[in-house]
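# Examination of the molecular architecture
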Amino acid sequence: MARIFSGIQPTGHLHLGNYLGAIRNWVRLQQDFECLFCVVDMHAITLWQEPQALARATRETAAAVLAAGIDPHANILFVQSAVPGHAQLAWIFNCVARIGWLSRMTQFKEKAGKHRENASVGLYAYPNLMAADILLYKATHVPVGEDQKQHLELTRDIAQKFNNDFGVTVFPVVEPLILGPATRIMSLRDGTKKMSKSDASDFSRINLTDTADDIALKVRKAKTDPAPLPETPAQFDGRPEAANLISIYAALADQEVERVCARFGGRPFSDFKQELADAAVAVLAPITTEVNRLMADPAALDRILKDGAERARALAAPVLEEVYRAVGFLDA
């Protein structure tokens, strides 16, 4: 069976974009693949995190993944820092990857902004850690959004260079899985920007922990334009907020965007927003309830994550042994 690795950062509250763009797809993929799902706390600290907040966010992220429907017995759910092999393999990849490759990574430029000299080395080199995350388990497929394709291409380059440099075939060439039309959910306040945990305005996103009243208020306040709803996707040009809200409804209702346009086209946003709020509450309310239940028993949640880490370490150990032999490291 093909093996999938996918990770999610525990920074801030998970939101609707995380659910529709990643977590819901994980739930569907677990039926057909051997899956490892990882809370990537080592990636999170490439930007400074308050330690207690990071620990809580790590548990909350794991709880959200479980609440959405991931089966921790059929799959492996774990925290990245609990498996030392991620850091060990990342250092080796730091010595395989080229500076020129990392310099072309557009996400570093976006996250570091104008003050790149003050950015951490970890932020610059984290694509190598991402490659280690995937290749430590010889994953064959990775579900990615369009904004992660460049990093997956780097993973493939690193795997091929390692194999060529040491004359081995340790690592597979990983294939991307681009899933569904609703993999990129935009901000409720600006339809040209991706919905983000880091946006200063909480009204830009619907959090997975929001109450039904919170969701309804955020949808009512979502930015729109004065024209009626588009009747076809061809009318989305110049109307990013309309396109975003219709796409969100289509994803929540598991309907084609064309069908949603045909149903609501020509109607005012006020009518549509009530329907959108109802759809969001129907999907998210059971998840929120389960997240709260899991967070109320952190010891039970930690046991699930500990079991996942033990199983992940067992998978990683023989791969790391292969790598060490290829590089020329002595047996411990």
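To be clear, the structure that these remarks concern was listed above.
All figures in this text were calculated on a predicted structure; none of them were measured in a lab. Here the residue numbers are simple positions, counted from 1 along each chain's written sequence. Since the coordinates come from a predicted model, pLDDT governs what is reported: local features require at least 70, and pairs of side-chain atoms require 80 or more to be given and counted, while whole-chain, interface and lining totals use all residues. To obtain the side-chain values, all non-hydrogen atoms of the structure were used and water was disregarded.

### Concerning the pattern of salt bridges
Using the following cut-off: Any Lys or Arg side-chain nitrogen located within 4 Å of an Asp or Glu carboxyl oxygen qualifies as a salt bridge. Each helix is a run of H or I in the DSSP string that is no shorter than four residues. Each strand is a run of E no shorter than two, and both are numbered from the N terminus. Between buried and exposed lies partly exposed: a residue is buried under 20% and exposed over 50% of the maximum accessible area for its type, with that area taken using a 1.4 Å probe on protein chains only.
One pass over the full model with this rule turns up 16 salt bridges. Among the salt bridges present, the one from E322 reaches K138, with a minimum N-O distance of 2.7 Å. With E322 in helix α13 (residues 298-327) and K138 in the loop between α7 (121-135) and β4 (141-143), this pair connects stretches of sequence that are 184 residues apart. Take E322: its relative accessible area is 27%, and that puts it in the partly exposed class. The partner of D202 in a salt bridge is K218, with the nearest N and O atoms 2.9 Å apart. Linking D202 in the loop between β5 (175-177) and α9 (212-221) with K218 in helix α9, this pair joins segments that are 16 residues apart in sequence. Residue class for D202 comes out partly exposed when judged on its relative accessible area of 33%. Through salt bridges with shared partners, a single ionic network connects D202, R205, D210 and K218.

### Observations concerning helix α1 (residues 16-29)
Threshold: Under the convention used throughout, the expected extent of a helix is 1.5 Å for every residue step, that is, one less than its residue count.
Taking 1.5 Å per residue as the helical rise, α1 with its 14 residues ought to reach 20 Å, and the 19 Å between its terminal C-alpha atoms agrees with that figure. In terms of residue burial, α1 counts as a mostly covered element, since 11 of its 14 residues are buried. All of the buried residues along α1 are L16, G17, N18, Y19, L20, I23, R24, N25, W26, V27 and L29.

### Some thoughts on the side chain of D210
Basically, it comes down to this: Within 3.5 Å is the distance limit for a polar contact, defined as a pair of N or O atoms, with the added protein rule that one can donate a hydrogen and the other accept it, and that residues adjacent in sequence qualify only through two side-chain atoms. By definition in these notes, contact holds between two residues if any of their heavy atoms fall within 4.5 Å.
Relative to the helices and strands, D210 is located in the loop between β5 and α9. Overall, D210 belongs to the buried group, its relative accessible area being 8%. A polar contact of 2.8 Å, which involves the side chain of D210, links it to the backbone nitrogen of N207. In this structure D210 touches R205, I215, K218 and T288, once residues within four positions along its chain are discounted.

### Section: the pairing of strand β1 (residues 3-8)
Here is the rule: Each pair of strands is called paired provided DSSP finds at least two bridges between the two strands. Clockwise travel from the first strand over the helix to the second, with the strands pointing away from the viewer, marks a crossover as right-handed.
Of all 6 residues in β1, 5 are buried, a share of seventy percent or more. Bridge count for β1 against strand β2 (residues 34-39) is 6 bridges, and the pairing is parallel. Among the inter-strand pairings, S6 is bridged to a residue of β2, identified as F37. Crossover handedness for the path β1 to α1 to β2: right-handed.

### Observations regarding the nonpolar core
The test is simple: For this analysis, a nonpolar core means a set of buried residues of the types Ala, Val, Leu, Ile, Met, Phe, Trp, Tyr and Cys, connected via side-chain atoms within 4.5 Å.
Counting residues in hydrophobic clusters, the biggest one holds 61 residues, and the most contacted among them are L16, Y19, I246, L252, F272, L276 and L284. With 11 residues, the top contributor of residues to this core is helix α12 (residues 269-295). In this view, L284 contacts L16, Y19, I206, L208 and I215; residues no more than four positions away in its chain are not counted. Counting 42 residues, the second largest nonpolar core, distinct from the first, contains I76, A97, A159 and V170.

### Observations regarding the packing of aromatic side chains
Quick note on the threshold: Here is the rule: rings of Phe, Tyr and Trp (six-membered ring for Trp) pair when centre to centre is within 6.5 Å. Planes less than 30 degrees apart are stacked, more than 60 are edge-to-face, and the remainder are tilted.
Going through the model one piece at a time under the given rule, you end up with 11 aromatic pairs. Ring geometry for F162 and F171: centres 5.2 Å apart, planes at 65°, overall edge-to-face. The same class applies to F162 as to F171, namely buried. Ring geometry for Y324 against F329: centres 5.0 Å apart, planes inclined by 85°, an arrangement best described as edge-to-face. Pairwise contacts between aromatic rings join F93, F162, F166 and F171 into one cluster.

### Remarks on unusual backbone geometry
Working note: non-glycine residues mostly have negative phi, and peptide bonds are mostly trans. One non-glycine residue with positive phi stands out, namely K138, at about 50°. Under the relative-accessibility criterion, K138 is labelled partly exposed at 27%.

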